[in-house]
Amino acid sequence: MDIKEIQEEIIDEFSMFDDWMQRYEYMIELGKSLPLIKEEYKTEDNIIKGCQSKVWVHAELEGNKLVFTADSDAIITKGIIAILIRAFSNQKPQDILDADTQFIDEIGLKEHLSPTRANGLVSMIKQLKLYAVAYQTQIEE
């Protein structure tokens, strides 16, 4: 599936819930299925700056696709990064760079987060895109 199809799937899943408590619970569940970062990558270098809680993200190039792993010390934040990784992991760096993040607004995530969590969300997206920039330069088209 490409990024747009995955984002559409996420939007559909979130639209099944009537209220935000159910969506938060779903995000927590998604966080439990997060591809966890190896302990050796839980370093200061891999912490996302601008997040209230600790979020570690690691990226590796497998073939010509970026694979992300992550973890967080907060359950909601773990759910947020799980959603982003689901959308952007196993994709080509250029596709990640070209992708928009409109689906975040469509599921209503930003408006239901505290200002500090919303800032953290923006920082997470920025970090995933920075990894894509870094790895894109290593790929020869």
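About the cut-offs
Residues numbered from 1 in each chain as written. Predicted model: local features only at pLDDT ≥ 70, side-chain atom pairs only at ≥ 80, totals over all residues. Heavy atoms only, no water. Axes fitted to C-alpha atoms, helices over the stretch in contact; angles between N-to-C directions. Helix = DSSP H or I, 4+ residues; strand = E, 2+ residues; numbered from the N terminus. Parallel < 35°, antiparallel > 145°, perpendicular 65-115°, else oblique. Contact = heavy atoms within 4.5 Å. Nonpolar A, V, L, I, M, F, W, Y, C, P; charged D, E, K, R; others polar. UniProt positions renumbered as here; feature names shortened; annotations may be inferred. Phe/Tyr/Trp six-rings, centres within 6.5 Å; stacked < 30°, edge-to-face > 60°. Core = buried A, V, L, I, M, F, W, Y, C linked by side-chain atoms within 4.5 Å. Buried < 20%, exposed > 50% of the residue type's maximum accessible area, 1.4 Å probe, protein only.

## Comments concerning the packing of helix H1 (residues 3–15) against helix H2 (residues 20–32)
Helix-helix packing: each pair is described by the crossing angle between the helix axes and the interaxial distance.
Argument step 1. Two elements in contact, H1 and H2, have axes separated by 10 Å at closest approach and are oriented at 135°. Relative to H2, H1 is oriented oblique. When H1 is examined against H2, the residues Glu13, Phe14 and Ser15 are found in contact with a partner set consisting of Arg23, Tyr26, Met27 and Leu30.
Argument step 2. In terms of residue class, the contact of H1 with H2 is built from four nonpolar, one polar and two charged.

## Focus: unusual backbone geometry
Argument step 1. In this model, Asn90 sits at a positive phi of 60°, which is unusual for a non-glycine residue.
Argument step 2. Tracing the sequence through the fold places Asn90 in the loop between helix H3 (75–88) and helix H4 (93–98).

## Comments concerning the UniProt feature "domain: Fe-S metabolism associated" (unreviewed entry) in the protein
Argument step 1. UniProt tags residues 12–129 as "domain: Fe-S metabolism associated" (unreviewed entry).
Argument step 2. The span residues 12–129 carries 48% helix and 14% strand; its end-to-end C-alpha distance comes to 24 Å.

## Digging into the packing of aromatic side chains
Argument step 1. Summed over the entire model, instances satisfying the criterion amount to four aromatic pairs.
Argument step 2. Centroid distance Phe14 to Tyr26: 5.4 Å. Interplanar angle 75°. Geometry classified as edge-to-face. Of the two residues, Phe14 is situated in helix H1 and Tyr26 in helix H2; the sequence distance between them amounts to twelve residues.
Argument step 3. Here the aromatic residues Phe14, Phe17 and Tyr26 are joined through ring pairs into a cluster of three or more.

## What about the nonpolar core?
Argument step 1. The biggest cluster of nonpolar side chains holds 43 residues, and the ones touching the most others in it are Phe68 and Leu84.
Argument step 2. Listed by contribution, the elements that provide at least two residues to this core are H1, H2, strand S1 (55–62), strand S2 (65–72), H3, helix H5 (102–106) and helix H6 (115–136).
Argument step 3. With nine residues, the single largest contributor to this core is H3.
Argument step 4. Each residue touching Leu84, except ones within four places of it in the same chain, is listed here: Phe103, Ile104, Leu121, Met124, Ile125 and Leu128.

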